[in-house]
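Chain residues, written in single-letter form:
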Amino acid sequence: MDDDLQIDSDEDLFRNPVYYEPAGRNLDLDRPDLGVPQGQNLLSVLLRMRGRVPVEKRGLICPDCRDLRGRRVPMYLVQRDSVWLASHYRKPGEKPISHESDEHLARKERVAKDSEDHGFHADIESQTADGHARLDVRIDGANGIVLGYEPQLSAQTARGMRAREGFRRRGGIQSVWDFADPDHAGIGTVPYVRTPNLPASVIRVQKNPIAVQDGNFVLEEGQCSQNGALTRCPEKPYDPENPTDAGYCGGWHRVLMPAHQSSTFTGEGGLTLTRFIVEAAAGERIPFQRGGHHGWLPAQQWKQYLEANGPALDDKEPQPSVRQGDRRDRCTEDRSASQVRAEPKQRRGSRAIVLESRPRETEAARVPVDASGQAIPLCRFGCGQPASLPGPEGLPEHFSCRRKHET
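Residues numbered from 1 in each chain as written. Predicted model: local features only at pLDDT ≥ 70, side-chain atom pairs only at ≥ 80, totals over all residues. Heavy atoms only, no water.

Novice: Could you give me a rundown of the sheet that holds strand β8 (residues 146-152), with the residues and numbers involved?
Specialist: What links the strands of a sheet is backbone hydrogen bonding, and the strands pair in either a parallel or an antiparallel sense. Taken together, five strands build an open sheet; the order of strands is β6-β7-β8-β9-β10 and the sheet is mixed. Across the chains shown, the open sheet's two edge strands, defined by having one partner strand only, are β6 (122-127) and β10 (192-194). Strand-to-strand, the axes of this sheet are offset by a mean angle of 30°, without reference to chain direction. Direction of pairing for β8 relative to strand β9 (residues 174-179): parallel, over a ladder of six bridges. Bridge pairing links Leu147 to Gln174 in β9. Sheet strands touched by helix α3 (residues 102-117): β6, β7 (134-140), β8 and β9. Its angle to β6, the strand with the most contacts, is close to 125°. (Pairing = 2+ DSSP bridges. Helix = DSSP H or I, 4+ residues; strand = E, 2+ residues; numbered from the N terminus. Axes fitted to C-alpha atoms, helices over the stretch in contact; angles between N-to-C directions. Contact = heavy atoms within 4.5 Å.)

Novice: Describe the pattern of salt bridges, listing the residues and the values that go with them.
Specialist: Per the stated rule, a full pass over the model turns up 21 salt bridges. The closest approach of N and O atoms between Asp140 and Arg138, which form a salt bridge, is 3.0 Å. You can call Arg138 partly exposed: its relative accessible area is 23%. In this structure, the salt-bridge partner of Glu397 is Arg402, at a minimum N-O distance of 2.7 Å. (Salt bridge = Lys/Arg side-chain N within 4 Å of Asp/Glu carboxyl O. Buried < 20%, exposed > 50% of the residue type's maximum accessible area, 1.4 Å probe, protein only.)

Novice: Before we move on, could you go through unusual backbone geometry and cite the residues and values that matter?
Specialist: Positive phi values are uncommon outside glycine, yet Gln38 reaches one of about 55°. For Gln38, the position within the fold is in the loop between β2 (25-26) and α1 (42-48). On the basis of relative accessible area, Gln38 is assigned to the exposed category, the value being 73%. Unusually for a residue other than glycine, Glu125 sits at a positive phi of about 60°. Turning to its location among the elements, Glu125 is positioned in strand β6.

Novice: Which residues make up the packing of aromatic side chains, and what values go with them?
Specialist: For any pair of aromatic rings, geometry is given as the distance between the ring centres together with the angle between the planes. A complete count under the given rule lists three aromatic pairs for this structure. Look at Phe276 and Trp296: their rings are 5.3 Å apart centre to centre, the planes differ by 80°, and that puts the pair in the edge-to-face class. Within this pair, whereas Phe276 is found in helix α6 (residues 273-281), its partner Trp296 is found in strand β14 (residues 293-298), the two being separated by 20 residues in sequence. Ring centres of Trp302 and Tyr305 lie 5.4 Å apart, and the angle between their planes is 15°; on these two criteria the pair is classed as stacked. Of this pair, Trp302 and Tyr305 both sit in helix α7 (residues 299-309), three residues apart, which is roughly one turn of that helix. (Phe/Tyr/Trp six-rings, centres within 6.5 Å; stacked < 30°, edge-to-face > 60°.)

If you want it as structure tokens, here you go:
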């Protein structure tokens, strides 16, 4: 009886809320009694229904689907890594439950159309070959590049974003995560761009440019001074109380700088989402990871990066695990995670990534010389000053220093 069931992939398994109709309450799958009075044996009762009672008659339903859509969507229990999770019931071949916002749908449709118009085939809602991830938009790029465009308009945890990116990377996908919130935990955690929070009606008009506000970096190097190539010292912490402060250390830095903060940024002819996606699909923009921070570099800048720093990156991926995924979200894709279970919200924003720094070079102390060009030795009494005349012992000294020494 459970054979007529489409099992969710690991990526689609979340700790969805689940409502138990006979008890009239949501279950707490972390507790032995599931949060139900005298419910110590309830889990066993539910598990014994497998293969005997149809899923839709077990009394488990999604409270979000009921409250938001007015639909009774049955759920079933599944265990991963000793963690019990509730999944939405669907028949083989049916798509997972989704409540995507109109803005989310508009971004997917816009990017798919723009990609097709520039000669790159695009599919909406495409599964990866290994079945572990579902791409919002799959774009078949040049030279075997497979791009996955993922608009993410809801609040998620950094841990969940890393896990979802891991599924895609192991499937051979170059992901472009698109965030509208400048404080989103995914910024820098995964390869990303940030675009304005626009209404769906504006996004769907292809002639309307969608600006890329962050995620695109450039390589810069130079002297850290007021007249140098850098706009501010990348190692000096940003002071929100004094945002216009431009401190300099006098040293030398090589940095990956957000393009909109670089010395060459003029604010005119800025990068658009369409151009970014097309160039990434063509291999003209390369994702990087440095110091735990992700971003994108133009291909020429990427070559300069490799020449200066070598190919070694801290590109360690965690092993796939349900515990590493974002299991604290609700069933809807574009609604915020639970405020109780979500990670504390921290402002991330753009930042320069320091690749190499050298301190300010101090000038060698000038050695005083006499008329013949010979170095003048220092005073024997340790005053630190040169002494050109020898004393009774034939050693360089000052008369005043001798008197101080004798007294």
